[in-house]
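Observations on the model geometry
Spelled out from the first residue to the last, the chains are:
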Amino acid sequence: MSQQTDRHLWSDATAGAGDAFGALFDRHVQAVYRHCFWLTSSWADAEDATQSTFLLAWRKRGQARLVDDSILPWLLSVAGNVVRDQQRSLRRWRNAVLRLPPERDGTDFAGEAAGRVDSQRRMREVLTAVHRLPRAERAALALCVWSGVSYADAAVVLGTSEVAVRARVSRARRRLARLLGPRNDATPTIDPSKEA
């Protein structure tokens, strides 16, 4: 079944074939996970977002839009929406917690916060620089570099030409190199697929 095209598998999944959807999951889960990680800089949040993405994809399978017989661009778009929704919910939760009266037992969670995974700290530094890029360059970088989408597919998703996508990725890389400076221990290349 894994030799079938995304279009064929998605057609079967739309008809309710769970095994076809499972084959698509196996085919694209790592790309979706990497995309979610680059959007969240958290392994745990990326796992949650990936699960939510595929759950939502199953529920909305009749609304999918394939790009050149690939479901991946649509899945990445769904993942982006899932991450934004999760971040919005988290902000609301944090704001609600901040309105609560302080704990009386004086519990200090600083030690727990200090134990965060080093790769997440480094990833936040990279993402801080990424968020300084223009929106169009961030989108092209996320799709083509981080999620492995072809320039042609990214052009369809972004509603622009392949040449424009290539230019945006090139500009984003140059700007990031200037923002992050020479490579050192604080700004390594992080491959989230090795953490999955």
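Just so it is clear, the model here is predicted, and its values are computed rather than measured.

Quick notes on the rules
- Residue numbers run consecutively from 1 along every chain, following the written order of its sequence.
- With pLDDT at 70 or above as the cut-off, local features in this predicted model cover only qualifying residues; side-chain atom pairs require 80 or more to be listed or tallied, and sums for whole chains, interfaces and linings still use all residues.
- The side-chain quantities take in all heavy atoms of the structure and omit both hydrogens and water.
- Type-normalised accessible area, obtained with a 1.4 Å probe on protein chains alone, sets the label of each residue: buried when under 20%, exposed when over 50%, and partly exposed for intermediate values.
- Counting from the N terminus, the helices are the DSSP runs of H or I reaching at least four residues and the strands are the DSSP runs of E reaching at least two.
- The arc in question is formed by the directions pointing from the helix axis toward the C-beta atoms.
- Note on definitions: a residue-residue contact is assigned when non-hydrogen atoms from the two residues lie within 4.5 Å.
- Here, nonpolar core refers to any group of buried Ala, Val, Leu, Ile, Met, Phe, Trp, Tyr and Cys residues whose side-chain atoms link them within 4.5 Å.
- One side-chain nitrogen of Lys or Arg within 4 Å of one carboxyl oxygen of Asp or Glu is enough to make a salt bridge.

**Quick look at helix α1 (residues 6-14)**
Every buried residue of α1 is listed here: D6, L9, W10 and A13. Buried residues in α1, looked at end-on, bunch into an arc of 100°, giving them a common side. Of the residues flanking the end of α1, it is G16, one or two places downstream, whose phi is positive at about 105°.

**Overview of the environment of S52**
Structurally, S52 can be placed in helix α3 (residues 43-59). Accessibility expressed as a relative area gives 29% for S52, which makes it partly exposed. Each residue touching S52, except ones within four places of it in the same chain, is listed here: V82 and Q86.

**Looking at the nonpolar core**
W10, V32 and V130 are the most contacted members of the largest nonpolar core, which totals 48 residues. Listing elements by their share of this core, those giving two or more residues are α1, α2 (18-40), α3, α4 (72-98), α6 (118-130), α7 (135-146), α8 (151-158) and α9 (162-180). The biggest single contributor to this core is α2, with eleven residues. Sequence-distant contacts of W10, that is, excluding residues within four places in its chain, are made with F21, L24, A57, R61, A64, L66, I71 and W74.

**Let's talk about the pattern of salt bridges**
This model, assessed by the stated rule, comprises six salt bridges. The partner of D69 in a salt bridge is R7, with the nearest N and O atoms 2.3 Å apart. With D69 in the loop between α3 and α4 and R7 in helix α1, this residue pair connects regions lying 62 residues apart in the sequence. The partner of E137 in a salt bridge is R175, and the shortest N-O contact between them spans 3.0 Å. With a gap of 38 residues between them, E137 in helix α7 and R175 in helix α9 connect regions that are remote in the sequence. The class for E137 is buried, based on a relative accessible area of 3%. By relative accessible area, R175 is classed as partly exposed at 30%.

On their own, these measurements won't tell you what the molecule is for.
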